[in-house]
Amino acid sequence: MKLEQRTDQELIRLYIAGDETGLAILIDRYKSKIYTSIYLLVKDEYLAEDIFQDTFIKVINTLRNGRYNEEGKFLPWVMRIAHNLVIDYYRKERRTPVVVNSDGFDIFDVLHFTDESAETRMIREQTHKDLRRMIQLLPDDQKEVLIMRHYGEMSFKEIADVTEVSINTALGRMRYALNNLRKMMYGKELALKIG
């Protein structure tokens, strides 16, 4: 079996046993999701890279010290570390996090679309731009859950653990976020029809 096909747990055991390749594959496997979720919270390319690196320094130290015990839950564990580092950063800076604007790294740019016309591409790009603007308008707690669920592909239990709220609160925040996005989309649709 190729190393790339091994489970997260197998790769962690490999790394703990001294094979650096195990961690390299895990980083490669999840770097896009982890970096994107950090970037969407901090809205700064260089800061996101710093927090991403700090996240993996903590991961390495925890693994080397034999303190990792999240059986089969590597990605949520790393996302929780990253989230806590973002919170720590904002506590130090005393600023409120906001979601990405159109500058810098954009998750929608990494999605691959084939055989689309120029018109379809323009419509898709405008839709993504509009959606990003709308996400920026959401309250921070709703924005955070939406990003973790959609970009981080975390379960509501994992989101509840990371944000230190109940599962019902996390579910409620997601429901409010989606309802608010629907209202904003409906309002934009009405404005287009009237205009």
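Calculation rules
Residues numbered from 1 in each chain as written. Predicted model: local features only at pLDDT ≥ 70, side-chain atom pairs only at ≥ 80, totals over all residues. Heavy atoms only, no water. 1 Å grid on protein atoms, 1.4 Å probe; cavity = no way out; pocket = protein on both sides within 12 Å on 5 of 7 lines; lining within 4 Å. Points joined across faces, edges and corners; volume = space filled by probe spheres on them. Helix = DSSP H or I, 4+ residues; strand = E, 2+ residues; numbered from the N terminus. Nonpolar A, V, L, I, M, F, W, Y, C, P; charged D, E, K, R; others polar. Phe/Tyr/Trp six-rings, centres within 6.5 Å; stacked < 30°, edge-to-face > 60°. Buried < 20%, exposed > 50% of the residue type's maximum accessible area, 1.4 Å probe, protein only. Core = buried A, V, L, I, M, F, W, Y, C linked by side-chain atoms within 4.5 Å. Contact = heavy atoms within 4.5 Å.

Colleague: Even after reading the chapter, I still don't get empty space enclosed by the protein, so can you show me in this structure?
Modeller: Taking a probe equal in size to a water molecule and rolling it over the atoms shows the remaining empty space. Taken as a whole, this structure holds one cavity of 30 Å³ or more when the rule is applied. Here the largest cavity is characterised by a volume of approximately 50 Å³. Along the walls of the largest cavity sit Ser-37, Ile-38, Leu-41, Met-79, Ala-82, His-83 and Met-148, which together make up its complete lining. When residues of the lining of the largest cavity are traced back to their parent elements, those giving at least two are helix H2 (20-42) and helix H4 (74-93). Along the lines of polarity and charge, the residues of the lining of the largest cavity split into five nonpolar, two polar and no charged.

Colleague: What's the story with the environment of Lys-143 in this structure? I'm lost.
Modeller: Note that Lys-143 resides in helix H7 (residues 140-150). Once the C-alpha coordinates of Lys-143 and Ala-177 are considered, the two residues, 34 residues apart in sequence, prove to be 6.9 Å apart.

Colleague: Teacher, can you tell me more about the packing of aromatic side chains here?
Modeller: The description of an aromatic ring pair rests on the distance of the ring centres and on the angle between the ring planes. A full pass over the atoms with the stated rule returns six aromatic pairs. For the ring pair Tyr-35 and Phe-52, a centre distance of 6.4 Å and an interplane angle of 70° mean the geometry is edge-to-face. Residue Tyr-35 is found in helix H2, and its partner Phe-52 is found in helix H3 (residues 45-64); the two are separated by 17 residues along the sequence. Each member of the pair Tyr-35 and Phe-52 is classed as buried. Taking 4.5 Å as the distance between ring centres and 65° as the angle between the ring planes, the aromatic pair formed by Tyr-68 and Trp-77 counts as edge-to-face. Ring-pair connections join several aromatic residues into one group, and the members of that group are Tyr-30, Tyr-68, Phe-74 and Trp-77.

Colleague: Honestly, the nonpolar core in this entry has me stumped. Any pointers?
Modeller: Nonpolar side chains in soluble globular proteins tend to end up buried together. Formed by 50 residues in total, the largest nonpolar core has its most connected members in Ile-34, Ile-38, Val-59 and Phe-74. At the level of secondary structure, the elements contributing two or more residues to this core comprise helix H1 (8-16), H2, H3, H4, helix H6 (118-137), H7, helix H8 (156-163) and helix H9 (167-194). Among residues more than four places away in sequence, those in contact with Ile-34 are Phe-52, Phe-56, Leu-75, Val-78, Met-79 and Ala-82.

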